[in-house]
Amino acid sequence: MQKELWKGNEAIAEAAVRAGCRAYFGYPITPQNEIPEYMSVRMPEAGGVFVQAESEIAAINMVYGAAAAGVRAMTSSSSPGISLKQEGISYLIGAELPAVIVNMMRGGPGLGTIQAGQADYFQATRSPGHGDGRMIVLAPSGIQEAADLVAEAFDLADIYRNPVMILADGMIGQMMEPIVWHERKPAELPPKDWAALGREGDGRTHFVTSLRLQSAENEVFNQQLMGKYQQIARDEVRWEAIDCQDAQIIIVAYGTTARICQSAARKLKQEGIRVGVFRPIGLWPYPYEALRKLAEQDTVRSVLTVEMSLGQMVEDVRLAVCGVKPTPFYGRTGGMIPETEQVADQVHQILREVKA
Amino acid sequence: MSLNNAFTGLLSHQRVFVILGPYGSGKTEIAINLAGMLARDGRRAALADLDIVNPYFRSREKEDILKAAGIRLIAPDKATWAADLPAVPPEILTLIQDDSLTGVLDVGGDKGSVVLAAFSEALLALDSAVWYVINQSRLGAQSPREALGLLREIEARARLPVTGLINNTHLLGETTLKTIMAVAEYTWELSARSGLPLVFNGIQESLAPDLTLPEPILPLALVMKRPWE
């Protein structure tokens, strides 16, 4: 198949259309504007709906409406805009509605910068909106993977009736890479017999809501959600371990940062230092078990986490490693991207300290 | 490196070179390398970053490289430099008015060409080169018919007729000689359909020595790298 050169944001939008997304609602913000721009042309071509909403809040609530009608729906934004969508995300979770949300993260807090960031990790993995909800979070580190994960995200959303987030940094949205469009085998999906499309002869009003006024009933619902999340935590863990067997140092990173760390690891290998890169592809559920096993190897002296934040995913790394090895952290923040040399320097420093 | 004969002729007729084209066709790499050629030829060279659509990978990020190559950077002032604002540097007029200066206009992709409309009369009066960059592996460029449609849209927004084509077909680090040779017929057909000459080919400098093409080759030293490259 012929390779084509795609920009991350364009590829994510096209992948959504190919995955059957027929409703897109968004509001402009850098660095994800190519997604709504692309959708504004492509969605009508595909027989779908594109709306540039009056705000991010309106857009996520339009997603709620389309999803309640059984349509594959998506919205996208970048950090500040995703903050605005939190209430809507909680409602999607509470109404058990499938949807895909793309966050092309930029440097925060506040309006921050338009450059790449990874500081929305806590928001995505710990607390999507209010309440006890959880959300599957997928983190591509290349354009091919971004396109593939979008297709997967729509299936996961339908299977678990829960929103799924694609969490990427602005660099993934803005850079280009050659990709191939794969023919995907359609997944086996549960029927959307809950969709609010009228009674359709089954004598039951399909009512989609997150309002459960009887607390006892609401607790039962929350416990059902918990059951669903336990299943997801068991079955939907995704990661890639690169040269982690017998490594001296394991670097944990995702997205663009993982690419930088791989580059640093190759460089360090030439100096005779065995460095592995552990790359979570799913950020929730987190690959605790896989990372713990690798960290427990006798060869491993330290598990270094690198992020474009002041230290967020490192908390999951520490939960995984559970004190069996040191877990230092290196981060750049505010829109600054770590350099390969800086990561290599961190590894050198760790090795000096271990020997001392 | 001195200019080869083919390029001496190509660059000696004009003072201002407008580089425009679709999103991600490689305009910035072409513009920076072309400005480098002009500077190496001993001309007072400038590069104007007129990208009002892209937030990342803009030529203004490479100020150090340009300065080292003796190229004057014309870009929005520092206050708006890192913003996503459609800010046009007023210094662009220096390039248009100063006869002793030669320069390249690095224009944003697709709809970004609208930035030229305000200067189109002046650029026409200067008999500027208006070169359109094509990369067949990009969106909307698969067939010559599609590519020509986009070209006409972009030049209409610019209010500036395109005067020549630059073939810059590539797949970044995955480009091979095969990638380039495979589009020979495509570029020939696009040139015939549009009535525009293919002025040169932009080829990554690692591949350029192995190629012989009917049109001149501009070997590209790539500068717009991803953070891990």
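In this text, all values refer to a predicted model and were calculated from it rather than measured experimentally.

The rules behind each value
Numbers given for residues are sequential positions, taken from 1 along each chain in its written order. Whichever chain is written first becomes A and whichever ligand is written first becomes 1, with later ones labelled in order. Given that the model is predicted, a residue must reach a pLDDT of at least 70 before its local features are reported, and side-chain atom pairs must reach 80 or more before they are shown or counted; all residues, however, enter totals for whole chains, interfaces and linings. Note: side-chain values were computed over all heavy atoms of the structure, leaving out hydrogens and water. Starting at the N terminus, helices and strands are each numbered in turn, a helix being any DSSP run of H or I of at least four residues and a strand any DSSP run of E of at least two. Radius of gyration means the value over C-alpha atoms here, while the globule rule gives 2.2 Å times the residue count to the 0.38 power. Remark: exposure states derive from per-residue accessible area (1.4 Å probe, protein chains only) relative to the maximum for the residue type, with buried under 20%, exposed over 50%, and partly exposed in between. The contact criterion used throughout is that any non-hydrogen atoms of two residues lie within 4.5 Å. Exposure was quantified through the Shrake-Rupley algorithm and a 1.4 Å probe, taking into account, for residues, occlusion by the shown protein chains and nothing else. Two residue types count as positive, namely Lys and Arg, and two as negative, namely Asp and Glu; His and chain ends fall outside the count. Charge positions come from single atoms, namely NZ of Lys, CZ of Arg, CG of Asp or CD of Glu. Domain boundaries shown here were taken from an automatic or database domain assignment. When two parts are put together, the accessible area they lose, computed with a 1.4 Å probe and summed over both, is reported as buried area. In the sections that follow, a salt bridge refers to a side-chain nitrogen of Lys or Arg positioned within 4 Å of a carboxyl oxygen of Asp or Glu. Counting of polar contacts relies on pairs of N or O atoms within 3.5 Å, with two restrictions inside protein: one atom must be capable of donating a hydrogen and the other of accepting it, and residues adjacent in sequence are counted only when both atoms are side-chain atoms. When residues are grouped by polarity, Ala, Val, Leu, Ile, Met, Phe, Trp, Tyr, Cys and Pro land in nonpolar, Asp, Glu, Lys and Arg in charged, and all others, Gly among them, in polar. Whether two strands pair comes down to DSSP finding at least two bridges between them. A right-handed crossover is one whose linking path, passing over the helix from the first strand to the second, runs clockwise when the strands point away from the viewer.

Colleague: Please provide a residue-by-residue account of the overall build of chain A, values included.
Modeller: Counting secondary structure elements, chain A contains 13 helices and 14 strands. Taken against the 2.2 N^0.38 rule, which gives 21 Å for 356 residues, the C-alpha radius of gyration of chain A at 21 Å falls within 12% of a compact globule. Taken along the three principal axes of its C-alpha coordinates, chain A extends 75 × 45 × 40 Å. Among the 356 residues that make up chain A, the fraction classed as buried is 58%. Intrachain contacts of chain A at a sequence separation of at least 6 include 81% that bridge at least 24 residues. By element, 52% of the accessible surface of chain A is carried by carbon and sulfur atoms, the whole surface being about 14400 Å². Between the mean site of the 34 positive side-chain charges and the mean site of the 42 negative ones, chain A shows a separation of 3 Å.

Colleague: Got a sec to walk through the domain arrangement of chain A? Specific residues and values, please.
Modeller: Residue and element names in this part refer to chain A. As far as domains go, chain A holds domain 1 (4-235) and domain 2 (241-355). Between the C-alpha centres of domain 1 and domain 2 the distance comes to 29 Å. The interface of domain 1 with domain 2 comprises 34 residues on the first partner and 27 residues on the second. Both sides together, the interface formed by domain 1 and domain 2 hides about 2400 Å², and carbon and sulfur atoms give 54% of it. Summed over the three residues of domain 1 that lose the most area to domain 2, namely Gln118, Tyr121 and Ser141, the buried surface amounts to 30% of that side. The interface formed by domain 1 and domain 2 holds three salt bridges in total. Close ionic contact of Glu177 with Arg259 constitutes a salt bridge, the shortest N to O distance being 2.6 Å. Joining domain 1 to domain 2, the criterion identifies 17 residue pairs in polar contact (both at pLDDT 80 or more). Classifying every residue of the side of domain 1 that touches domain 2 by side-chain character gives 19 nonpolar, nine polar and six charged.

Colleague: Account for the interface of chain B and chain A, naming residues and giving values.
Modeller: Quoted interface sizes are often the accessible area lost when the parts come together. Facing 24 residues of chain B, the contacting portion of chain A comprises 28 residues. Taken over both partners, the interface formed by chain B and chain A buries close to 2300 Å², and the fraction arising from carbon and sulfur atoms is 58%. In this assembly, chain B and chain A are joined by four salt bridges. Here Arg138(B) and Glu10(A) are joined by a salt bridge, their closest N and O atoms 2.9 Å apart.

Colleague: Quick rundown of the pairing of strand β3 (residues 71-74) of chain B? Include the residues and the values.
Modeller: All names here are of chain B. When strand β2 (residues 45-50) meets β3, the two strands line up parallel, connected through four bridges. Bridging across to β3, Ala45 finds its partner in Ile71. Handedness of the β2-helix α3 (residues 63-68)-β3 crossover: right-handed.

Colleague: Outline the side chain of Thr102(B), supporting the account with residue identities and numerical values.
Modeller: Residue and element names in this part refer to chain B. With respect to the secondary-structure elements, Thr102 resides in strand β4 (residues 102-107). A polar contact of 2.7 Å, which involves the side chain of Thr102, links it to the backbone oxygen of Arg15. The residues touching Thr102, leaving out its near neighbours within four places in the chain, are Arg15, Phe17, Leu38, Arg43, Arg44, Ala45, Ala46 and Leu95.

Colleague: Requested: an account of the environment of Leu5(A), with residues and values cited.
Modeller: Within the secondary structure layout, Leu5(A) lies in strand β1 (residues 4-7). Distance from Leu5(A) to Glu296(A), taken between C-alpha atoms, is 41 Å for residues 291 residues apart in sequence. Here Leu5(A) is in contact with Met176(A), Glu177(A), Pro178(A), Asn135(B), Ser137(B), Arg138(B), Leu139(B), His170(B), Leu171(B) and Leu172(B), once residues within four sequence places are set aside.

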